[in-house]
Amino acid sequence: MIGSKRRARSTINAWPGYVDALSALLMLIIFMLLIYVVSQLYLSQTLTERNTELARLNERLDEISSLLGLERNRAGVLEDQLSASQDRNTQLQDRLNATRNLLMQQTAESEAQAERLARLDESLSDKDELTASQEALILNLSNQIISLQRQLQKITAALKLQEEETAERESELEDVSQRLNTLLAERVNQLEQYQSEFFGRLRDILAANENIRVVGDRFLLPSELLFASGSAELGPEGQQELDKLAAVLLDVAESIPDDLDWILRIDGHTDIIPINTPQFPSNWELSTARAVAVVRYLAEQGVPDRRMVAAGFGQYFPVAEGTSPEALQKNRRIEIKLTDR
């Protein structure tokens, strides 16, 4: 009896039920964690895409501001030329006014002399004979009147000539302004055509490299593709990409007219992490040295020196906000753009 009771008690075991309950609870927790992780990944991707789009819009705004500044500079040059022409016209107008004043003064003198002569004639008409001094005075006044009339004719002719020259210069100025505007518009259109050709061909060639980004009308090459960390010496992989760039540029440059003032702009950028070495005391020196290294290499491939410019911006114009590794990597870059001076 005692043995049978022990066997009955030993057959009852509650642990499998506990294990099933704990397993169900654990699966529920894992399921909730998966939902949370997926939602966080979705939100992170959405925020990243929005930040990227915002950065692109800001860069496009910067480009539009740069183009607007260029147009303002051109307008300033035209305004300076127009101002100089207006100054010349003002001077001519002053001379014209002075000539008119002189003409009016001499006309008044002539009229005064004529009145004196008329009064003298009236006073002498009552007399039968004129004295020698009176005859001499009349003759002198007559000569003065003739001289004044001749001067008046010369002044009138000079005034007319001056007015004709002023009108001719104003017409020439207007013609020059129209031709200048037309020439500027033609040059801008020509450069835009070559920019489009260069941009399209280079984009097709560099499309195989997923690290190279296209923003607006600029190519963004990551610094890691061209340089080692903290260095301004080009690596083999970067030289290969620059060889492609040089080949396209030299091919396009052959069709660009010599009088079209184009340049290839190379801009160096770093992240916000400061550098302080004997060779590079700050990010300015590092970004500038990297831009110069790219320019020197392209010059070695045959790109004309006078058609390139290198600039270093340090960390002050980022394309991505924040201090995450991805944002820092995007900000370390070389920007390449075909534009005008």
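Computed from a predicted structure; not experimentally measured.

**Section: the overall build of the protein**
Then step 1. In terms of regular secondary structure, the protein is built from 7 helices and 5 strands.
Then step 2. Taken from N to C terminus, the helices and strands of the protein fall in the order α-α-α-β-β-α-α-β-α-β-α-β.
Then step 3. For the protein, the proportion of its 341 residues judged to be buried stands at 29%.
Then step 4. With the model as given, the accessible surface of the protein reaches about 22,900 Å², and the carbon-plus-sulfur share is 56%.

**Let's talk about the pairing of strand 4 (residues 308-312)**
Then step 1. In this sheet, strand 4 lies alongside strand 3 (residues 262-269) in parallel orientation, the contact comprising 5 bridges. Each bridged residue has a counterpart across the sheet, and for Arg265 the counterpart in strand 4 is Val309.

**Section: the confidence of the model for the protein**
Then step 1. Model confidence for the protein is summarised by a mean pLDDT of 77, while 77% of its residues fall at 70 or above.
Then step 2. Within the protein, helix 6 (residues 283-300) carries the highest mean pLDDT (94), whereas helix 1 (residues 2-10) carries the lowest (51).

**So, a negative patch on the surface**
Then step 1. Together, Glu164, Glu165, Glu168 and Glu172 make up a negatively charged patch on the protein surface.
Then step 2. Here Glu168 is to be found in helix 3 (residues 132-206).
Then step 3. Classification of Glu168 by relative accessible area gives partly exposed; the value is 48%.

Calculation notes
- Residues numbered from 1 in each chain as written.
- Predicted model: local features only at pLDDT ≥ 70, side-chain atom pairs only at ≥ 80, totals over all residues.
- Heavy atoms only, no water.
- Helix = DSSP H or I, 4+ residues; strand = E, 2+ residues; numbered from the N terminus.
- Buried < 20%, exposed > 50% of the residue type's maximum accessible area, 1.4 Å probe, protein only.
- Areas by Shrake-Rupley, 256 points an atom, 1.4 Å probe, with all protein chains shown as cover.
- Pairing = 2+ DSSP bridges.
- pLDDT = per-residue confidence, 0-100.
- Patch = residues over 30% accessible without salt bridge, like charges linked within 9 Å, V, L, I, M, F, W, Y side chains within 5 Å.
- Salt bridge = Lys/Arg side-chain N within 4 Å of Asp/Glu carboxyl O.
- Lys, Arg positive; Asp, Glu negative; His and termini not counted.
- Charge placed at Lys NZ, Arg CZ, Asp CG, Glu CD.

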